[in-house]
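# Architecture at a glance
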Amino acid sequence: MDTEQLKTQVFELADEQLLSGNFPQAEMLAEQLTSPLDEVSVLLAQWRSELPQRVVVTDRDLKMPGMPDTLAQSFVRIWHQAVQEAQSRVSLTRQRTDIGVEVEKRSTDEALQRSQHQHQEMEARYREQTFKLEESYEHVKALDAEITVLKTNLSSETNIRKKEEKARSTLEHELAQLRKSHEDARRMFDQRLKDEQRHMLETLAKEEVDTRYYRNALEKVREEAGKKESELTREIHDLQARMARKDVKNETLKSQLKSQETELLKMRQESALLQRDMTKMNSQLLAELNKTKRLETKLKELQEDIRRNNQKNISYTNEAAKRDNLLRAQLMEKEEMLVRAEAKINSLEKRLISGDEEIRRLNSRF
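What you are looking at is a predicted structure, and each value in this text was computed from that prediction instead of being measured.

Okay, the overall build of the chain next. Of regular secondary structure, the chain possesses six helices and zero strands. Traced from its N-terminal end to its C-terminal end, the chain shows the element sequence α-α-α-α-α-α. Burial statistics for the chain: of 366 residues in total, 19% are counted as buried. Pairs at least 24 apart in sequence give 73% of the contacts found in the chain among residues at least 6 apart. Only carbon and sulfur atoms are counted for the fraction: they give 53% of the accessible area of the chain, which is about 27700 Å².

Rendered as C-alpha cells:
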C-alpha cells in the first residue's frame, strides 16, 4: 500500500473515531487497516499534530437555527473565551512538558553517555587486569615447572648426599678401624720398644754389675800377687771376649731398635697419608654440604617468590572483582535512572494524551 493512501485512510478513520467521541488508538487503526503498527503510530502522531490546523470551528458553526442573536453572540463569546483559555493552558502545559522532557532527556543522555564511557573504561581495565592475571598464571606455571625441576634436582642431590653420607660413614668407620688398629699397633710397638729397652737396660745393668765385679776381682788379683798374672791375664782375655760378645749383642740390639724405629716411621707416614685422605674427604663433604645449602637457599627464595606472586594474584583477583561489582552497581543505577526517566516520559505522554482528550471533550461539548 502507498504511503499517501495509508495516510489518507489513517486520517479518515481517526476523524471518524474522534467525531464518534472516541480517541483514536494506533493498535485499533493498525488492526483495521492490517498495516504495520510503527507506520500507523507515526501517521497517527502526524494526525495529532495537524489536528488544530485541520479542525477549525467558526462562529457560523456555533449558531443554531432558531436561537436569538443576543444568546448566540453570548454563546460565541463564551466559546471564544473557553477556547482561548484552553489553548493557553494547553500551550503552557506543552511548553512545561517539552522543557521537562528536554531537560530529562538531556540529563538522561549525558548520564547514559558517562555511564557508557565509564563502562568502556572499566571494560578496558578489566581486560588489562585479565591479561595481567593470565601473565601471572603463566609465570606461576613456569615457576611451578622450575620448582618441579628443582625438586627433582634436590631429590637427586639428596640421594647423592645420602650415598655420600653413607660412603662417608663407611670411610669414617674404616678410618676408625684403621685408627684403632694403628693405635693398637703403636701401643704394641711402644710396649715392645719399652720391653726391649727395659730388657736392654737390665742387660746393661747386669753387664755393668758383672764388669764392676770383674774389675774388682782384677784389682784384687793384681793386689794379691804377680804370680797369678798369667792366669789373670787369661781370665782377662776371657772377660774381654765376653765383653766383645756383649758388645756384639748390644750392636744387634741397637740394629733391631733402628729397624723398629724405621717401622715406626713408616707407620707414621701411613698415618699421615690416612690423615690427608681424611682431610680430602672432609673437604669434599664440606663442599657438598655447601652446595646443598645453596640449593636449599635457592629453593626458599623460589618458594618466597611463589608466595608473593600468589598474594599478588589474589589481590589482582579481588581488585578485579571489586571493580566488576562497582561497575555492575553503576550500570544498575544507570538502568534504574533510565527506567525512572522512561516512566517520567510515559507519565508526560499520558498527561499530553489526557490534555488532548480534555480538548477533545471540550470541542465535542461545544
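Having put the structure on the table, let's press on.
A word on the pattern of salt bridges. Inspection of every chain in the model, using the stated rule, returns nine salt bridges. Between Asp-305 and Arg-308 there is a salt bridge, with the nearest N and O atoms lying 2.2 Å from each other. With Asp-305 and Arg-308 both in helix α6 (residues 229-365), this residue pair falls three residues apart, about one helical turn. Accessibility expressed as a relative area gives 38% for Arg-308, which makes it partly exposed. One salt-bridge network, held together by shared partners, links Glu-304, Asp-305, Arg-307 and Arg-308.

This next bit is on empty space enclosed by the protein. Any space left empty among the atoms is revealed by the rolling of a water-sized probe across them. If you walk through the whole model with that rule in mind, you get two cavities of 30 Å³ or more. There is about 50 Å³ of room inside the largest cavity. Around the largest cavity, the lining residues are Leu-150, Asn-153, Leu-154, Leu-295 and Leu-299. Considering every element that reaches the lining of the largest cavity, the biggest residue donor is helix α5 (residues 69-224), with three residues.

Time to look at unusual backbone geometry. Backbone geometry at Thr-34 places phi at a positive 50 degrees, although glycine is not the residue there. Position of Thr-34 relative to the elements: it lies in the loop between α2 (26-33) and α3 (37-54).

By size, the foremost hydrophobic cluster in this structure holds 15 residues, and its most contacted members are Leu-6, Val-10, Leu-29, Leu-33, Val-40, Leu-44 and Trp-47. If you list the elements that add at least two residues to this core, you get α1 (3-19), α2 and α3. Per element, the largest residue contribution to this core is six residues, and it comes from α1. Ignoring sequence-local partners within four residues, the contact set of Leu-33 consists of Leu-6, Gln-9, Val-10 and Leu-13.

A word on the side chain of Glu-157. As for its position among the elements, Glu-157 is in helix α5. Residue classification places Glu-157 among the buried positions, given a relative accessible area of 18%. Residues contacting Glu-157, with those up to four places away along its chain left out, are Lys-291 and Leu-295.

With that out of the way, let us pick up α2. Looking at α2, one finds that the buried residues are Ala-26, Leu-29, Ala-30 and Leu-33. Looking down the long axis of α2, one finds its buried residues gathered within 100 degrees of arc, a one-sided arrangement. Once α2 finishes, Thr-34 follows within two positions and takes phi at roughly 50 degrees, a positive value.

Turning to the packing of α1 against α2, a few remarks are in order. Contact pair α1 / α2: the axes reach a minimum separation of 11 Å and the direction vectors enclose 125 degrees. In terms of their interaxial angle, α1 and α2 are classed as oblique. By crossing handedness, the relation of α1 to α2 is classed as right-handed. Counted together, Leu-6, Gln-9, Val-10, Leu-13, Ala-14 and Gln-17 of α1 and Met-28, Leu-29, Gln-32 and Leu-33 of α2 form the full contact between these two elements. In the contact of α1 with α2, the residues fall into seven nonpolar, three polar and no charged.

Let's shift gears to the side chain of Gln-17. If you trace the backbone, Gln-17 turns up in helix α1. In this structure Gln-17 comes out as buried when scored by relative accessible area, which is 11%. With residues up to four places along the chain from it excluded, the contact list for Gln-17 reads Asn-22, Phe-23, Pro-24, Gln-25, Met-28, Leu-29 and Gln-32.

Right, let's get into the confidence of the model for the chain. Summarising the model, the chain shows a mean pLDDT of 78, and 86% of its residues fall at 70 or more. Within the chain, the element-level pLDDT minimum falls on helix α4 (residues 59-62), averaging 52, and the maximum on α2, averaging 86.

If you check α1, its first and last C-alpha atoms are 24 Å apart, about what 17 residues at 1.5 Å a residue would give, namely 24 Å. Of the positions making up α1, those classed as buried are Leu-6, Val-10, Phe-11, Leu-13, Ala-14, Asp-15, Gln-17 and Leu-18.

How each quantity is defined
Residues numbered from 1 in each chain as written. Predicted model: local features only at pLDDT ≥ 70, side-chain atom pairs only at ≥ 80, totals over all residues. Heavy atoms only, no water. Helix = DSSP H or I, 4+ residues; strand = E, 2+ residues; numbered from the N terminus. Buried < 20%, exposed > 50% of the residue type's maximum accessible area, 1.4 Å probe, protein only. Contact = heavy atoms within 4.5 Å. Areas by Shrake-Rupley, 256 points an atom, 1.4 Å probe, with all protein chains shown as cover. Salt bridge = Lys/Arg side-chain N within 4 Å of Asp/Glu carboxyl O. 1 Å grid on protein atoms, 1.4 Å probe; cavity = no way out; pocket = protein on both sides within 12 Å on 5 of 7 lines; lining within 4 Å. Points joined across faces, edges and corners; volume = space filled by probe spheres on them. Core = buried A, V, L, I, M, F, W, Y, C linked by side-chain atoms within 4.5 Å. Arc of directions from axis to C-beta. Axes fitted to C-alpha atoms, helices over the stretch in contact; angles between N-to-C directions. Parallel < 35°, antiparallel > 145°, perpendicular 65-115°, else oblique. Left-handed = near helix turned anticlockwise from the far one by under 90°. Nonpolar A, V, L, I, M, F, W, Y, C, P; charged D, E, K, R; others polar. pLDDT = per-residue confidence, 0-100. Expected span 1.5 Å × (residues − 1).

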